[in-house]
Amino acid sequence: MRIHILGIGGTFMGSLAIIARQLGHEVSGSDTNAYPPMSTQLEMAGIEIMEGYSIDHLYPMPDQIIVGNVMTRGNAVIEYLLNNRLAFTSGPAWLHDHVLQNRWVLAVAGTHGKTTVSSMLAWILECHGLEPGFLIGGVPENFEFSSRLGNSKYFVIEADEYDTAFFDKRSKFLHYCPHTLIVNNLEFDHADIFDGIQDVKRQFHHLLRIMPNEGRMIISHDDQNIRDVIEMGCWTPAESFSVSDPSAAWFADEVDIRTSRFSLVHKGKPSGEGTLGLYGRHNIANAVAAVAGAQHVGVPPAEALRALASFSGVKRRLEHKGTFNGIRVYDDFAHHPTAIMATISAFRDQQPRGRIVTVFEPRSNTMRLGAHVDQLADAFNDADSVVLFEPEDLQWSLREVADQMSSPAKVCVTTDEIITWLLGDLKEGDNILILSNGSFEGLSDRLVLQLSRREAPAVH
């Protein structure tokens, strides 16, 4: 079967394309400005990416057209599909119909940590010999791709609450029908499709409504919004997890934040010792949630913890891009104030030598609409210096936010200006954290190139 995917460069749609290829289909797709790591993965999988959204990309006519949620009415291809009564479907619906039916789906939902917990959970099941399928909105370092079909009934999926498609405004996760559900946390996000936190809670409650009573939910013990959703009605047994409250069913005790070591307690009984290669209390919470989810499919907690000791993380989650003349460069996906604060705090907990210099792009729809402006300045409290990128179409002033920051802050209007500023300001021992949920015009790779050139000895 020939499949063409509109919006193939997104993390979900690109991962879906890889699974479709593994099913034996001929797969191509259209997108604008596809960028690594997804574009690299698609090329490795032999999937053609066509630039832009041209009607010509549909000829010869594919057997199946899958429409990503980036596509909107008014786009010429969408209008062509509708005017010519061509059959199409959404990515989540296609995944349900062709992959997830008759699978034991382990879904990871919540505002933050979905990618990391999904990757941890897939790695635990892999180490246990279960050969799970998975679809993750990032690239786990322990696997070659962000998705695969798998060789067992188990399938791990990052369950996003964003809407499904222009013709289906339900959250994507409502198509997944999980048997095991992890809900990490719940905050307001996606201001372009939700009017407020109550709208978000309602979608999560719809997810609870399709959970089987023989399934299991793993939920954060410390999140009031999740408790609010549970109180709206819950028909599935739930176990809570926490890194701060021992009354939770799963509790990380004796946490050493410098070494990422902890003791796991399940229902009051010691269940093993954990050590992570990741920073931060939030990642210890992620690990506890993943262990709890794996236990539901029969993986003993102590064995799950051993697997996590070899978990290498996810690309663009405090990913070390290199060290040049003692200057360390890291790339991270953080774009919500809570995630920004957690990322910088986790790095600060390691007591690094030199300054923490953060570079931030307000790229998400929620950020561009100004939904988090009031929380943004405080998110950078643990940074020593901040560089902010202010795009032309931003609907609020980053300079006003910069004035509220406790650390020196520089506002730049081009990425060239950012690189010039950094090259003049950085010194040995500094740590650069580049924060964006997009390509940021290739800023991290461009900066690495400039720093590596500066490091190279002159040739005479």
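Look up: the structure comes first, before these words.
Worth saying up front: this structure is predicted, and the values here are computed from it rather than measured.

Quick look at the state of the cysteines now. Under the definition given, this model contains zero disulfides. Cysteine Cys234 is unpaired, with the sulfur of Cys177 as its nearest cysteine sulfur at 16 Å.

This part takes up the pairing of strand β13 (residues 216-220). The buried fraction of β13 is high, at five of five residues. On β13, burial covers both faces: Arg216, Ile218 and Ser220 on one face and Met217 and Ile219 on the other are all buried. In the sheet, strand β12 (residues 180-183) pairs with β13 via four bridges, with the strands oriented parallel. Residue pairing for β13: Leu181 is matched across the bridge by Met217.

It is worth spelling out the sheet that holds strand β1 (residues 2-6) at this point. The pairing of strands in a sheet comes from backbone hydrogen bonds and takes either a parallel or an antiparallel form. Read across the sheet, five strands follow the order β3-β2-β1-β4-β5 without closing on themselves; strand pairing throughout is parallel. Edge strands, defined here as strands with exactly one partner in the open sheet, are β3 (48-51) and β5 (89-90). Sitting on the sheet, helix α1 (residues 11-22) touches β1, β2 (26-31) and β4 (64-67), and the angle it makes with β1 is about 175°.

What follows deals with the nonpolar core. Membership of the largest hydrophobic core comes to 45 residues, with the highest contact counts inside it found for Ile124, Leu125 and Phe262. Elements with a contribution of two residues or more to this core: β6 (104-109), α5 (114-127), β9 (154-158), β15 (250-256), β16 (261-266), α8 (281-295) and α9 (301-308). Looking at this core, the element that brings in the most residues is α8, giving nine residues. Other than its neighbours up to four places away in sequence, Leu125 contacts Leu106, Leu130, Glu131, Pro132, Tyr154, Val156, Ala294, Val297 and Val299. Counting 44 residues, the second-largest nonpolar core is a separate cluster that includes Ala45, Val105, Leu135 and Phe145.

With that out of the way, let us pick up unusual backbone geometry. Between Tyr59 and Pro60 the backbone carries a cis peptide bond, its omega angle lying at -5°. Tracing the backbone shows Pro60 in the loop between β3 and β4. Even without being a glycine, Arg85 presents a positive backbone phi close to 55°. Residue Arg85 is classed as exposed on the basis of its relative accessible area of 76%. Here Cys177, not a glycine, exhibits a phi torsion of approximately 50°, which is positive.

This part covers the packing of α1 against helix α4 (residues 91-100). Each pair of packed helices can be summarised by the angle the axes make with each other and by the distance between the axes. At their nearest, the axes of α1 and α4 sit 11 Å apart, and the two run at 30° to each other. In this view, α1 runs roughly parallel relative to α4, as classed from their interaxial angle. Crossing handedness for the pair α1 and α4: left-handed. Between α1 and α4, the contacting residues are Phe12, Met13, Leu16, Ile19 and Ala20 on the first element and Gly91, Pro92, Trp94, Leu95 and Val99 on the second.

Rules and cut-offs
Residues numbered from 1 in each chain as written. Predicted model: local features only at pLDDT ≥ 70, side-chain atom pairs only at ≥ 80, totals over all residues. Heavy atoms only, no water. Disulfide = S-S within 2.5 Å. Buried < 20%, exposed > 50% of the residue type's maximum accessible area, 1.4 Å probe, protein only. Helix = DSSP H or I, 4+ residues; strand = E, 2+ residues; numbered from the N terminus. Pairing = 2+ DSSP bridges. Contact = heavy atoms within 4.5 Å. Axes fitted to C-alpha atoms, helices over the stretch in contact; angles between N-to-C directions. Core = buried A, V, L, I, M, F, W, Y, C linked by side-chain atoms within 4.5 Å. Parallel < 35°, antiparallel > 145°, perpendicular 65-115°, else oblique. Left-handed = near helix turned anticlockwise from the far one by under 90°.

These values are about where atoms sit, not about what they do.
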